[in-house]
Amino acid sequence: MRVNKKYSCLPAEEKGIHIINIRAIEDIGYDQHESTLLNSLSKNPDADCKYGLYFRDGKRKVDYILVYHYKKSSAGRTLTRRVHHNDSSARSTKQDQPLPGKGVQLEMGESEPHVDYHEDDKRFRREEYEGNLVEAGLELERDEDTKIHGVGFVKIHAPWNVLCREAEFLKLKMPTKKMYQINQTHGLLKKINSVIQKITEPIQPKVAEHKPQTVKRLSYPFSREKQHLFDLSDRDSFFDSKTRSTIVYEILKRTTCTKAKYSMGITSLLANGVYSAAYPLHDGDYEGENVEPNDRKLLCEEWASYGVFYKYQPIDLVRKYFGEKIGLYFAWLGVYTQMLIPASIVGIIVFLYGCATVDENIPSMEMCDQRNNITMCPLCDRTCSYWKMSSACATARASHLFDNPATVFFSVFMALWAATFMEHWKRKQMRLNYRWDLTGFEEEEDHPRAEYEAKVLEKSLRKEHKHKETDKEKLTWKDRFPAYLTNFVGIIFMVGLTFAIVFGVIIYRISTAAALAISSTPSGRSSVRVTVTATAVIINLVVIIILDEVYGCIARWLTQIEVPKTDKNFEERLIFKDFLLKFVNAYTPIFYVAFFKGRFVGRPGDYVYIFHSFRMEECAPGGCLMELCIQLSIIMLGKQLIQNNLFEIGIPKMKKFIRYMKLKRRRSLDHEEHMKKKQRYEVDYNLEPFAGLTPEYMEMIIQFGFVTLFVASFPLAPLFALLNNIIEIRLDAKKFVTELRRPVAVRAKDIGIWYNILRGIGKLAVIINAFVISFTSDFIPRLVYLYMYSENGTMHGFVNHTLSSFNVSDFQAGTAPNDPMDLGYEVQICRYKDYREPPWSENKYDISKDFWAVLAARLAFVIVFQNLVMFMSDFVDWIIPDIPKDISQQIHKEKVLMVEVFMREEQGKLQMLETWKDKDKKKGENCNNHSPRLSRSHSGSLSSCHSYPLDV
């Protein structure tokens, strides 16, 4: 094999260049006319390469970075030089050497006995992989002379021919030369739009991509045969940095590194530690005095700043920098936040209505009236005494703020709001697909994951060893059955653990209430419910936050042992498990208060006991809705404040600080080296890796559940969600721009499985709100009393109607109060909330007819409410088209224009052929008109005439 002249003439000893293993390059058939694998000089970087954004020549842009760890040794440098100066006859051929660098390993073993086999194995894999990348057309440059000790960087550049080839493979839609006018509104709509634009101008971001467009370039999947259709006047900017990094990443994924029978792409190499990181570079710095203008700096100023919280998001610029998938997430978050504005306004109105009518609410006035002298039965056995209903006046008045007729209207409104939000998002999504040229985009099957390939390899080797078969294997359900069984058992166990923790909190509430009831101070006894509820909710909140992190790790582990084939399958299965566990974790305490607390209490003299000592909890005289409101508000606000905001700010900064301290401890640099400015890829390496959008979506989906599922008990939930999201958008933006490495741009036309989850929550919200209004609030009992039992058509006497009587002589032995004279008089009849027969009835303490009447009304309300709201939601879904009319017209117009472009091209080709034929005919006639003598004397001219068409 011949020696590569480009490398053999480099004075390695004089310039201190670290030569990449030449034998590995030659073994893969390296040719000097192909792309070259260059190396960095060891001198300090200069401004020509813009501190790492370009190669050393300052012309070729760095599209991707591979990072690896290495161990410096003098033997390695000596070995490199030795290989560099060896004669070509001493080198082995590709057939003799299955793994690049094997011969080097033997020489190195002779010179250095204490060699690290694993490090050498990684280095050989890197050399082979990088050689394969060069064969694929990429250009590489290595830099090990960095401020980070023991870390090397491989810079990757995709030349023009590779970009064109891959863009054609990926069917990337690129803008053509053809431009057309976007249909504009006319008449009244045009005036309204102009007025809206003038009003909203102060809240529009100052970026070029956000300005309304009147013309649009026609887009077409890139083709090298039709390059004349595209505007290639500026090749450097035709493919932007996002597209270039996507193309390089596709090459990295499919380029293999073979050792024995193990085929590995970049994902496998990262998983096995061959490379420690792989990422595209940010466009530059985002802060500083002499920072050149770039998209990252613009995003930081106009998007990732709390000072612009009132402005719209520059979604097109976000998509241009981060890709369609992340752009769709922020677009969805923006639409969701905008839709929360009307929901918050209506929620505030409903809350203010409750505040305005609290003094006119007859049931709460009756409960607060001390003249009624209603004596209630004890809340616990022995230690609790009788109590006055008027002592629960504050709770009753507060319950009216959230339990009033307006909350029923608000529940209907929020169900329709959820349906409208989903339809609005679908229309917005179609507009973005049109603007981003994704109308005809279809996701193709992704490359198999590294873990899947490893499992298939293991299976094929095992099968080959037994049956000597070499057919291509794949994982079947039998291979995955142990993982499926583990998933089922694990999820059941986690759900059971959540129920057990909620049950433990219930025991805490019951025991704490009994302990506080022993307090001799009246103020202590009056605040028992509030104290128990508040402390129990805080315990629930802490447990939910801890279990959320635990369940996230468990869901990822359960998904990993399933070994899904592609990244898309992995993400969908992870989302399903993560959502299921976190949904159960967040809402189980709320479901208990809403539907189970106070339902299985029993009655005085025949209570239901837990462990034969603790009585089941009862609802307050005003109902459990107030307690549900407290539970919902504390959990919602606590999760948003602690888990979503503090964790998102604090944990990344803490990780960054720990990484900085580790790097500082590992550095052994002199003062000159320390003062050297870092390269762009070094700065980005210190940033936090991008972990995907699943945590961001999950956070918002759980919040969407808080806003819709129990909105009947907490009308202010949309307002708190709105305030949180205003901060959340800028917080996520700041994290993406300043705290994270730049993620690889991923094309996507929708938000995927999250849309189905949102629709499911919207449907579930209708059912849950129907049951909350019917069974948790007193709305139905009040209607039944008003229209069936009220003597004067008012609510006077409602409280007395909902209370049953109990003769204290019927207490079970050992359960009567220890101090029956605590109120200052002897009690013979006490009251409790239930519909039962009085003690003087023949069937005393049996369920009365009033209970069945109320239950029938409740069930009827659930059926009517559910079907009516479902019908209205489906009607909204049907009446609003998924695709806006103007967008469908523009898409049709694009198709027509594209057909016209190709028809003109075909006509041009036909005209050119006809012109050539006419020229050929005229040339032939001219030749035939010559005299015979002239023709004989100029036979060469005659032959040239007939050869003209052949030349053409």
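As the structure is a computational prediction, the values presented were derived from the model and not from experiment.

Scanning the protein from terminus to terminus reveals 35 helices and 17 strands. Counting the 952 residues in the protein, one finds 48% classified as buried. Sequence-distant contacts in the protein: of pairs separated by 6 or more residues, those separated by 24 or more amount to 80%.

Inspection of every chain in the model, using the stated rule, returns 44 salt bridges. One continuous salt-bridge network, built from bridges that share partners, spans Glu423, Lys426, Arg759, Asp877 and Asp882.

The buried count for strand β4 (residues 151–157) comes to 7 of 7 residues, which makes it a mostly enclosed element. Going residue by residue along β4, you find Val151, Phe153, Lys155 and His157 tucked away on one face and Gly152, Val154 and Ile156 tucked away on the opposite face as well. Sheet topology note: the strand β2 (residues 64–69)/β4 ladder contains 6 bridges and is antiparallel. Along β4, the bridge assignment pairs Tyr68 with Gly152. Judged from the 5 bridges that link them, strand β3 (residues 139–143) and β4 form a sheet pairing that is antiparallel. Paired with Leu140 across the bridge in β4 is Ile156.

Turning our attention to the state of the cysteines. Using the criterion set out here, one finds 2 disulfides in the structure. Shown here is the disulfide that connects Cys368 with Cys393, its sulfur atoms set 1.9 Å apart. In this structure the cystine formed by Cys368 and Cys393 twists about its S-S bond by roughly 95°; its chirality is therefore right-handed. Separated by 25 residues along the polypeptide, Cys368 in helix α15 (residues 362–368) and Cys393 in helix α16 (residues 393–402) bring together distant segments of the chain. The class of Cys368 is partly exposed, set by a relative accessible area of 22%. Disulfide pairing places Cys377 opposite Cys830 at an S-S distance of 2.0 Å. Its S-S torsion of approximately 85° makes the covalent link between Cys377 and Cys830 right-handed. Here the residue Cys377 occupies a position in the loop between β10 (375–376) and β11 (387–388), and Cys830 occupies one in strand β17 (residues 829–833), the gap between them amounting to 453 residues.

This part takes up the packing of aromatic side chains. By the definition in use, this model includes 52 aromatic pairs. It is Lys61 that lies over the ring of Tyr54; its NZ or CZ is 5.5 Å from the centre.

UniProt records the feature "transmembrane region" (unreviewed entry) at residues 329–353, 406–425, 484–510, 530–558, 579–596 and 700–723, using the numbering of this structure. Helix makes up 100% of residues 406–425 and strand 0%, and the two end C-alpha atoms of the span are 28 Å apart. For residues 579–596, the end-to-end C-alpha separation is 23 Å, with 100% helix and 0% strand making up the annotated structure.

Within helix α13 (residues 315–322), 7 of the 8 residues are buried, which leaves the element mostly enclosed by the surrounding structure. Taken together, the buried positions of α13 are Ile315, Asp316, Leu317, Val318, Arg319, Tyr321 and Phe322. Within two residues after α13, Gly323 carries a phi angle of roughly 105°, on the positive side.

Now for the packing of helix α26 (residues 694–708) against helix α27 (residues 717–739). Interaxial distance between α26 and α27 falls to 10 Å at its minimum, and their mutual angle equals 170°. Accordingly, the angle class assigned to the pair α26 and α27 is roughly antiparallel. Between α26 and α27, the contacting residues are Glu696, Glu699, Met700, Gln703, Phe706 and Val707 on the first element and Ala717, Pro718, Ala721, Asn724, Asn725, Glu728, Asp732 and Lys735 on the second. For the contact of α26 with α27, the per-class residue count stands at 6 nonpolar, 3 polar and 5 charged.

Counting 113 residues, the largest nonpolar core has Trp332, Tyr336, Trp417 and Phe710 as its most contacted members. Residue contributions to this core peak at 15 residues, all from helix α14 (residues 324–356). Apart from residues lying up to four places away in sequence, Trp332 is in contact with Phe421, Trp425, Tyr697, Met700, Ile701, Ile751 and Leu758. Within the second largest apolar cluster, 47 residues are counted, among which are Tyr64, Tyr70, Tyr129 and Leu163.

Conventions and cut-offs
Residues numbered from 1 in each chain as written. Predicted model: local features only at pLDDT ≥ 70, side-chain atom pairs only at ≥ 80, totals over all residues. Heavy atoms only, no water. Helix = DSSP H or I, 4+ residues; strand = E, 2+ residues; numbered from the N terminus. Buried < 20%, exposed > 50% of the residue type's maximum accessible area, 1.4 Å probe, protein only. Contact = heavy atoms within 4.5 Å. Salt bridge = Lys/Arg side-chain N within 4 Å of Asp/Glu carboxyl O. Pairing = 2+ DSSP bridges. Disulfide = S-S within 2.5 Å. Phe/Tyr/Trp six-rings, centres within 6.5 Å; stacked < 30°, edge-to-face > 60°. Lys NZ or Arg CZ within 6 Å of the ring centre and 35° of its normal. UniProt positions renumbered as here; feature names shortened; annotations may be inferred. Axes fitted to C-alpha atoms, helices over the stretch in contact; angles between N-to-C directions. Parallel < 35°, antiparallel > 145°, perpendicular 65-115°, else oblique. Nonpolar A, V, L, I, M, F, W, Y, C, P; charged D, E, K, R; others polar. Core = buried A, V, L, I, M, F, W, Y, C linked by side-chain atoms within 4.5 Å.

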